[in-house]
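Results of the structural survey
Now for the letters of each chain:
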Amino acid sequence: MEDFGIYAVFGVNGPPQRLLSPEGSCRVCVAVPPNVRQVVLFSSGPWGQRVCVNAELNDADRFPITIGKLTPYNKCLSWEQWEEETWKDSVTLDVTLEGGNLVKADWSKPEIMSVKEYTPKDIVAPFAAREIRGKKRERESEEDCDENKTTTTGELENICPNGGVEKTTPLRKARGQSKRAQKLFSSGADATKIKGTANGAGEAQGIVGRTQSASRTKSRQAKTPTQTSPLVSPSGRWGQTLCPIDAQTAILIGGQGARMQFCKDPMWKLCTEDMSWVAAETLAEGPTPEARIGHTAVYDPDSRRIFVFGGSKNKKWFNDVHILDTRSWKWTMVEAQGKVPPLAYHSCSMFRGELFVLGGVFPCPNPEPDGCSDSLYIFDPNLSIWYQPIVTGNKPSPRSGHSACVMQQMKIYVFGGWDTPVCYNDMYMLDLGLMEFSAVKTSGKAPSPRSWHGSAVLSDTKFLIHGGYNGNNALTDAFVFDIDTNSWTEATLPQLSLPRAGHSIVTMETDALFKEDGDVDMDAGSIGRNLLVFGGGDNERNFYCDLTTVAVEDLLAAV
């Protein structure tokens with residue numbers, strides 16, 4: 001039987017080179033030749049008891065450019081330089097084997113390998129390679145032109161509000177990510193600065209209104225690959241999803257952190273019984289969701305499955321549907337019929353077992369984000385088909401970064417959002433029985449225009465809007481909307497005083513609350529509904545990894 005091995009191909013003309021073998025080291029580091037623009041990593045032979053192979057492309061400062069994982073079900077990974085904005089010279093490939101008979105399991109000393117240089121006999125580049133380089137030159141030319149333009153249409157559709165954007169420039173560029181985007185994180189020190197106490201990565205998370213230092217510790221570890229202490233909580237991030245699956249459990253998926261890097265720890269399980277985080281180990285069945293931001297994740301309690309849709313990664317845009325079965329913890333990818341465009345920063349609501357997707361940014365022309373959608377798409381999981389319903393009434397204008405709350409299983413309330421260069425604070429309601437949109441005339445002090453805010457249903461008649469980004473600053477305020485009176489009321493609580501955008505807010509049943517010193521109070525009283533706030537950014541290069549709780553009863557009493 002053929003021996004197990006991990007192989008890599010560097011460049012379109014390079015031969016496969018063996019990196020890991022059964023009798024060799026379980027960890028290897030390879031310097032990618034500077035002229036290589038494509039890397040393919042794959043396994044060959046029976047996996048046996050081996051669990052997975054973790055792979056990282058790191059830059060010269062040892063920060064991850066991108067990550068991936070080989071499993072017995074997903075045996076090949078590929079990367080191309082044009083997909084990764086920070087892929088420059090001095091790139092290294094780190095490969096680590098987990099599980100099986102690890103012969104040399106010295107994690108602190110990876111084996112250092114060099115790539116065998118390969119010069120093809122035929123010096124004429126194949127058609128595919130010439131085409132890739134030609135397209136790359138065209139893209140670089142377009143990007144250089146974009147950089148020389150003076151624009152008043154704003155910044156990037158796919159850039160978080162946490163990147164040190166000039167506060168005097170409230171508008172965003174409607175084109176895609178250009179080289180200028182790298183200036184959002186001008187230094188590693190600034191990018192990894194996290195507000196809060198330096199408690200170390202080993203302390204429990206959950207101080208009310210305070211930010212932990214796990215992300216800062218993680219950034220230091222990234223520069224020193226010999227330090228392999230596992231994280232005990234998620235790193236700081238924005239653009240993630242937090243999806244409750246039962247009364248005591250929520251699943252964190254995706255996100256982007258310091259230096260515009262996609263999180264190395266993309267999936268966590270939160271247990272609200274003791275407010276602890278556990279890295280969610282899943283058995284991949286078919287393609288797993290690629291690292292992304294601006295996606296949505298909704299839970300269907302009847303089938304006990306999480307549906308992940310859309311999102312973006314640099315200049316890649318997704319319209320795929322991935323399903324996580326929370327009973328078997330297996331991923332599957334849906335081969336759906338019908339048409340739905342690649343979308344990010346859209347809203348997705350579950351109603352009667354179907355996914356209602358509204359708005360979002362879409363790439364036009366591909367891969368540049370050049371517009372927002374005003375369309376409603378519905379996905380039927382039973383038939384694995386997308387369709388567009390007939391909708392009447394006064395529908396919302398095109399937008400992204402808005403919120404959508406399902407109220408009383410009858411109506412979806414849509415608030416805010418962004419369509420360059422306009423930010424919204426209007427409200428629309430979709431009657432799910434009549435499939436009719438209508439503008440909602442509100443009273444009281446309404447939230448200012450914003451996008452990338454957090455929202456959560458508090459009761460049958462009330463929902464919360466908190467934080468967000470107004471094109472200039474991350475916001476700190478919170479408002480409660482009453483659908484019976486169509487009125488806004490501002491809520492002032494110290495736990496919600498940090499400026500946040502791109503964060504997650506959910507309501508869950510918990511029997512633990514946090515004390516002022518950051519400890520978990522397990523004797524807080526009877527089980528009650530609490531608001532949980534996680535992550536986000538403050539537009540000052542700070543990414544949060546804290547978990548803040550507020551009793552829903554206290555929040556409603558404040559209004």
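Residues numbered from 1 in each chain as written. Predicted model: local features only at pLDDT ≥ 70, side-chain atom pairs only at ≥ 80, totals over all residues. Heavy atoms only, no water.

As named in an unreviewed UniProt entry, the chain is Kelch repeat-containing protein, taken from Champsocephalus gunnari.

**Some remarks on the overall build of the chain**
Where we set the bar: Numbering goes from the N terminus for both helices and strands, where a helix is a DSSP run of H or I of at least four residues and a strand is a run of E of at least two. Each residue is assigned to one of three classes by its accessible area relative to the maximum for its type, calculated with a 1.4 Å probe on protein chains only: buried under 20%, partly exposed between the two thresholds, exposed over 50%. Note on contacts: a residue pair qualifies if any of its non-hydrogen atoms lie within 4.5 Å across the two residues. What sets the accessible areas is the Shrake-Rupley method with a 1.4 Å probe; for residues, cover comes only from the shown protein chains.
Tallying secondary structure elements over the chain gives four helices and 40 strands in all. Per-residue burial for the chain yields a buried fraction of 55% across its 559 residues. Residue pairs at least 24 apart in sequence account for 61% of intrachain contacts in the chain once pairs closer than 6 positions are excluded. When the accessible surface of the chain is summed, it comes to about 23,900 Å², and 50% of that surface belongs to carbon and sulfur atoms.

**Regarding the sheet that holds strand β12 (residues 267-271)**
Under the convention used in this document: Pairing between strands requires that DSSP locate at least two bridges from one strand to the other. For helices, the axis comes from a line fit to the C-alpha atoms of the stretch in contact; other axes are also lines fit to C-alpha atoms, and the angle between any two N-to-C directions lies between 0 and 180 degrees.
Ordered in space as β10-β11-β12-β13, the four strands form an open sheet in which the pairing is antiparallel. Looking at the sheet topology across the chains shown, the edges are occupied by β10 (241-246) and β13 (276-279). For this sheet, the mean inter-axis angle between neighbouring strands, taken without regard to orientation, is 25°.

**Description of the layout of surface pockets**
The line we're drawing: Cavities and pockets are found on a 1 Å grid laid over the protein atoms alone: a cavity is a set of points where a 1.4 Å probe fits but cannot escape, a pocket is an open set with protein on both sides within 12 Å along at least five of seven lines, and a lining residue has an atom within 4 Å of such a point. Grid points are joined across faces, edges and corners, and a volume is the space filled by probe spheres set on the points.
The volume enclosed by the second largest pocket comes to roughly 1,600 Å³. Residue lining of the second largest pocket: 49 residues in total, with V298, C348, A404, S455 and I505 positioned closest to the centre. Of all the elements in the fold, those that place two or more residues in the lining of the second largest pocket are β10, β15 (296-300), β21 (347-351), β28 (403-407), β32 (454-457) and β36 (504-510).

**So, the environment of K330**
Mapped onto the elements of the fold, K330 is located in strand β20 (residues 330-333). For K330, a relative accessible area of 31% puts it in the partly exposed group. Distance from K330 to R305, taken between C-alpha atoms, is 9.9 Å for residues 25 residues apart in sequence.

**Considerations on unusual backbone geometry**
With an omega dihedral of 0°, the bond running from T420 to P421 counts as a cis peptide bond. Structurally, the position occupied by P421 is in the loop between β29 (411-419) and β30 (422-431). For W329, which is not a glycine, the phi torsion comes out positive at approximately 55°. Residue placement: W329 occurs in the loop between β19 (321-325) and β20. Classification of W329 by relative accessible area gives buried; the value is 18%. At Y345, a residue that is not glycine, the phi angle is positive and equals roughly 60°. For Y345, the location among the structural elements is in the loop between β20 and β21.

**Description of the packing of aromatic side chains**
Counted only if it meets this: Ring pairs are drawn from Phe, Tyr and Trp, using the six-membered ring of Trp, whenever the two centres fall within 6.5 Å, and their geometry is named by plane angle: stacked under 30 degrees, edge-to-face over 60, tilted for the rest. For a Lys NZ or an Arg CZ to count as sitting over a ring, it must be within 6 Å of the ring centre and within 35 degrees of the ring normal.
Under the defined criterion, the tally for this structure stands at 18 aromatic pairs. Ring geometry for W277 versus F534: centroids 5.4 Å apart, planes at 55°, classification tilted. Of this pair, W277 sits in strand β13 while F534 sits in strand β39 (residues 528-534); the two residues are 257 residues apart in sequence, bridging distant segments of the chain. One exposure class covers both W277 and F534, and it is buried. Here the aromatic rings of F351 and F356 are separated by 5.8 Å at their centres, their planes lie at 80°, and the arrangement is edge-to-face. Accessibility expressed as a relative area gives 7% for F351, which makes it buried. Here the aromatic cluster, defined as three or more aromatic residues joined through ring pairs, consists of Y413, F415, F463, F479, F481 and W488. Geometry around F318 places R292 over its ring, the cationic atom sitting 4.0 Å from the centre. R399 extends its terminal NZ or CZ atom over the ring of Y424, reaching a point 4.2 Å from the ring centre.

**A word on the sheet that holds strand β25 (residues 376-380)**
The four strands lie next to each other as β21-β22-β25-β26, forming an open sheet whose pairing is antiparallel. Because the sheet does not close on itself, it has two edges, and the strands there are β21 and β26 (385-387). Along the sheet, successive strands turn relative to each other by an average axial angle of 25°, direction set aside. Two strands pair when backbone bridges link them, and β25 and β26 are joined in this way by three bridges, in the antiparallel orientation.

**Examining the confidence of the model for the chain**
Close reading of the predicted structure is inappropriate where its pLDDT is low. The line we're drawing: Every residue gets a pLDDT, meaning the predictor's confidence in that residue, from 0 to 100.
Per-residue confidence for the chain gives a mean pLDDT of 77, with 71% of residues at or over 70. Throughout residues 118-158 the model reports pLDDT below 50, and contacts reaching past four residues in sequence, or to other chains, amount to 66 contacts. Low confidence marks residues 514-518, where pLDDT is under 50. Its contacts with residues over four positions away, or in another chain, come to 13 contacts.

**Observations concerning the environment of T71**
Considering the arrangement of structural elements, one finds T71 in the loop between β6 (64-70) and β7 (76-80). For T71, a relative accessible area of 8% corresponds to the buried category. Along the chain, T71 and C52 lie 19 residues apart, while their C-alpha atoms are 4.6 Å from each other.

**What about the nonpolar core?**
Generally speaking, a soluble globular protein has its nonpolar side chains buried in company with each other. Using the following cut-off: The definition of a nonpolar core used throughout is a set of buried Ala, Val, Leu, Ile, Met, Phe, Trp, Tyr and Cys residues joined through side-chain atoms within 4.5 Å.
If you look at the biggest cluster of nonpolar residues, it comprises 26 residues, and the most contacted ones within it are L41, W79, L93 and V95. Excluding residues within four positions of it along the chain, V95 makes contact with I6, L19, L20, C26, R27, V28, L41, V53 and N54. Counting residues in hydrophobic clusters, the runner-up holds 15 residues, among them V340, L343, Y377 and W386.

**Quick look at the pairing of strand β3 (residues 27-31)**
The element β3 is extensively covered by neighbouring structure, given that four of its five residues are classed as buried. Of the pairings in the sheet, the one linking β3 to strand β8 (residues 92-99) comprises five bridges and is antiparallel in character. Paired with A31 across the bridge in β8 is T92.

**Considerations on the environment of P389**
Topologically, P389 is positioned in the loop between β26 and β27 (392-393). Along the backbone, P389 and M435 are 46 residues apart, and their C-alpha atoms lie at a distance of 8.1 Å. Those residues within four positions of P389 in sequence are excluded, and the remaining contacts are L376, I378 and M435.

**Brief notes about the pattern of salt bridges**
To be explicit about the condition: A side-chain nitrogen of Lys or Arg and a carboxyl oxygen of Asp or Glu constitute a salt bridge if their distance falls within 4 Å.
All chains considered together, the criterion is met by 14 salt bridges. Ionic pairing is found between D320 and R292, a salt bridge with its closest N-O pair at 2.9 Å. Linking D320 in the loop between β18 (316-317) and β19 with R292 in the loop between β14 (283-284) and β15, this pair joins segments that are 28 residues apart in sequence. You'll find D320 and R292 in the same group, each marked buried. With its nearest N and O atoms 2.8 Å apart, the salt bridge here joins D477 to R450. Of this pair, D477 sits in the loop between β33 (462-466) and β34 (478-482) while R450 sits in the loop between β31 (436-439) and β32, placing them 27 residues apart in sequence. One salt-bridge network, held together by shared partners, links E290, K313 and K316.

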